[in-house]
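Overview (structure and organization)
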Amino acid sequence: MKNKFLPFSKPSISDADIETVCDVMRSGWLTTGKQAALFEKQFCKYTGAAHCVALCSATAGMHLLLSALGIGPGDEVLTPSMTWVSTVNLITLAGATPVFADIDRDTLMVTPETIEKCVTEKTRLIIPVHFAGAPADIGPIRDMAATHGIFLAEDAAHALGTKYKGDKIGAAGTCIFSFHPIKNITTGEGGMFCTDNAGLADSIRRLKFHGLGADAYDRATGGRSPTAEVLEPGFKYNLTDMAAALGISQLNRIDDFNGKRKALAARYRKQLAKLDAVTPLFDPPYDYGHAWHLFVIRLDIDKANMSVDDFIDEMKTRNIGVGRHFKAVHLHKFYRETLRLDPENLKNTEWNSMRICSLPLFPDMEPEDVDRVVNAIKEILTK
Ligand SMILES: *Cc1c(COP(=O)(O)O)cnc(C)c1O
């Protein structure tokens, strides 16, 4: 058992999950239909969101949002550089300018203060990230965006089940979730666009399917309404019913998944507290509920006398997978060469980018796997 590869993440797929997808495959209707509609309804119920639109990825949701808001050349979009590259790629492809707010050194999240510093006349949209399963301090961020009249959309890819001051992320505002296989639930690939803005929900629904005036599925005919017309040119970002059925089945298991993640994270924290060359993230200073999407540590590269890449390689030779969430986007080749930012403004982002990695964490992991990971870290640090 000791030598078996321990991945950094693995989806938990039950026989019931598989059966529900098989049922759809036998039903004669594979693409967006009843299952997608039911998944949206259940997702509204779980998060408290007013409107949910199922999509083929979170990236698609971000693309649709930028389109719906008409963001383009001359506009600035504010987001952390400590995020997944997709957000910044889409801002860039839209012809707008990404502006990076620095993060808190110990939660990896933007704060009302770091965002405020970056707001200009040109800021059209703010995209904070709820990082690793904890919520950003979204109350004051929402107030500030409203004061400036700037649209706010929360990247909730890590935040299914996360709570901010008693409310689930998704219950208010506009939030985009991901169902990529490493996320807290999966549909293979998929995403959910949640919003309390009915007009925006209509736009997203239209733009996700060619800009047609009616959704793909028409209840009366059991198919697409043949009379639907293009109201504006749109995309093809709908979620299949096979994927949606898996999503429904997975959503039924989310509280169990997150409970298991929480117990594993607590075990990591307890054991890692004894190692001074490794520091986990800190808890937010406000009331929160954690979804434990990732277990991120910062390596003291001086004490350990190695880079985080070397550390990840050492873990790999011990058959343990380690992730990196994230290498700061502005440090990727294209953005290094095109943006040429002043590193003084992104100190906490760069400091963490050189030190963070994500230890294995997924619901089907055993407590003994945590011990094995911690023992491997100890062995590497004392080498
Ligand atoms: C995974 C992720 C995304 C993108 O999700 P996809 O469904 O893969 O498009 C966006 N932002 C963050 C922070 C993520 O972790």
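Placed above this text is the structure.
Reading guide: rules and limits
Residues numbered from 1 in each chain as written. Predicted model: local features only at pLDDT ≥ 70, side-chain atom pairs only at ≥ 80, totals over all residues. Heavy atoms only, no water. Helix = DSSP H or I, 4+ residues; strand = E, 2+ residues; numbered from the N terminus. Rg over C-alpha atoms; globule rule 2.2 N^0.38 Å. Buried < 20%, exposed > 50% of the residue type's maximum accessible area, 1.4 Å probe, protein only. Contact = heavy atoms within 4.5 Å. Areas by Shrake-Rupley, 256 points an atom, 1.4 Å probe, with all protein chains shown as cover. Lys, Arg positive; Asp, Glu negative; His and termini not counted. Charge placed at Lys NZ, Arg CZ, Asp CG, Glu CD. Pairing = 2+ DSSP bridges. Axes fitted to C-alpha atoms, helices over the stretch in contact; angles between N-to-C directions. Near = heavy atom within 4 Å. Polar contact = N/O pair within 3.5 Å; in protein donor to acceptor, adjacent residues only side chain to side chain. Expected span 1.5 Å × (residues − 1). Arc of directions from axis to C-beta. Left-handed = near helix turned anticlockwise from the far one by under 90°. Nonpolar A, V, L, I, M, F, W, Y, C, P; charged D, E, K, R; others polar. Core = buried A, V, L, I, M, F, W, Y, C linked by side-chain atoms within 4.5 Å.

1. Side note on the overall build of the chain
In terms of helices and strands, the chain carries 14 helices and 14 strands. For 383 residues, the compact-globule formula gives about 21 Å, and the C-alpha radius of gyration of the chain, at 21 Å, lands near that figure. If you line up the chain on its principal axes, its C-alpha atoms span 70 × 55 × 40 Å. Per-residue burial for the chain yields a buried fraction of 55% across its 383 residues. Residue pairs at least 24 apart in sequence account for 72% of intrachain contacts in the chain once pairs closer than 6 positions are excluded. Surface exposure of the chain reaches about 16,800 Å², of which carbon and sulfur atoms provide 52%. The distance from the centre of the 44 positive side-chain charges to the centre of the 47 negative ones in the chain is 4 Å.

2. Quick notes on the sheet that holds strand β8 (residues 167–168)
If you walk across this open sheet you meet the 3 strands as β8-β7-β12, and the pairing is antiparallel. Of all the strands in the sheet, just β8 and β12 (288–289) have a single pairing partner and so form its edges. As defined by bridge partners, strand β7 (residues 163–164) adjoins β12 across 2 bridges and the pair is classed as antiparallel. The residue of β12 that forms the bridge with Y164 is Y288.

3. Focus on the sheet that holds strand β5 (residues 151–152)
Where strands meet in a sheet, backbone hydrogen bonds hold them as pairs that are either parallel or antiparallel. Spatial strand order, β3-β2-β4-β5: 4 strands in an open sheet with parallel pairing. Where the open sheet ends on each side, the last strands, each with one partner, are β3 (97–101) and β5. Bridge count for strand β4 (residues 123–126) against β5 is 2 bridges, and the pairing is parallel. Bridging across to β5, L125 finds its partner in F151. Together, β2 (76–80) and β3 form the strand contacts of helix α4 (residues 85–93), whose direction differs from that of β3 by roughly 145 degrees.

4. Concerning the site of the ligand
Lining the immediate environment of the ligand, one finds 14 residues, of which T59, D155, H158, S178 and K183 sit closest. One nitrogen or oxygen atom from the side chain of H158 is found 2.8 Å from an oxygen atom belonging to the ligand. A distance of 3.1 Å is found between an oxygen atom of the ligand and a side-chain nitrogen or oxygen belonging to K183. Relative to its free-state accessible area of 380 Å², the ligand is covered by the protein chains to the extent of 91%.

5. Some remarks on helix α2 (residues 34–47)
Compared with the 20 Å implied by 1.5 Å per residue over 14 residues, the 20 Å span of α2 between its first and last C-alpha is a close match. Taken together, the buried positions of α2 are occupied by A36, F39, E40, F43, C44, Y46 and T47. The arc that holds every buried residue of α2, seen down its axis, measures 165 degrees, which confines them to one face. With respect to the buried face of α2, the exposed residues turned more than 90 degrees away are K34, K41 and K45. Just downstream of α2, G48 is the residue with a positive phi angle, here 90 degrees.

6. Some words on the packing of helix α3 (residues 58–68) against helix α7 (residues 198–207)
Direction vectors running N to C along α3 and α7 enclose 115 degrees, while the axes themselves pass 10 Å from each other. In this structure, α3 crosses over α7, and the sense of that crossing is right-handed. Where α3 approaches α7, its residues L64, L65, S67 and A68 are matched on the opposing element by L200, S203, I204 and L207. Looking at the contact of α3 with α7, its residues break down into 6 nonpolar, 2 polar and no charged.

7. A short note on the nonpolar core
Residues F39, F43, I115, F131, F177 and M192 are the most contacted members of the largest nonpolar core, which totals 56 residues. With 5 residues, α2 is the largest single contributor of residues to this core. Setting aside its immediate chain neighbours within four residues, I115 contacts L78, A101, V110, I126, I141 and M144. Judged by nonpolar contacts, the second largest core, of 31 residues, contains L275, L299, V308 and V322.

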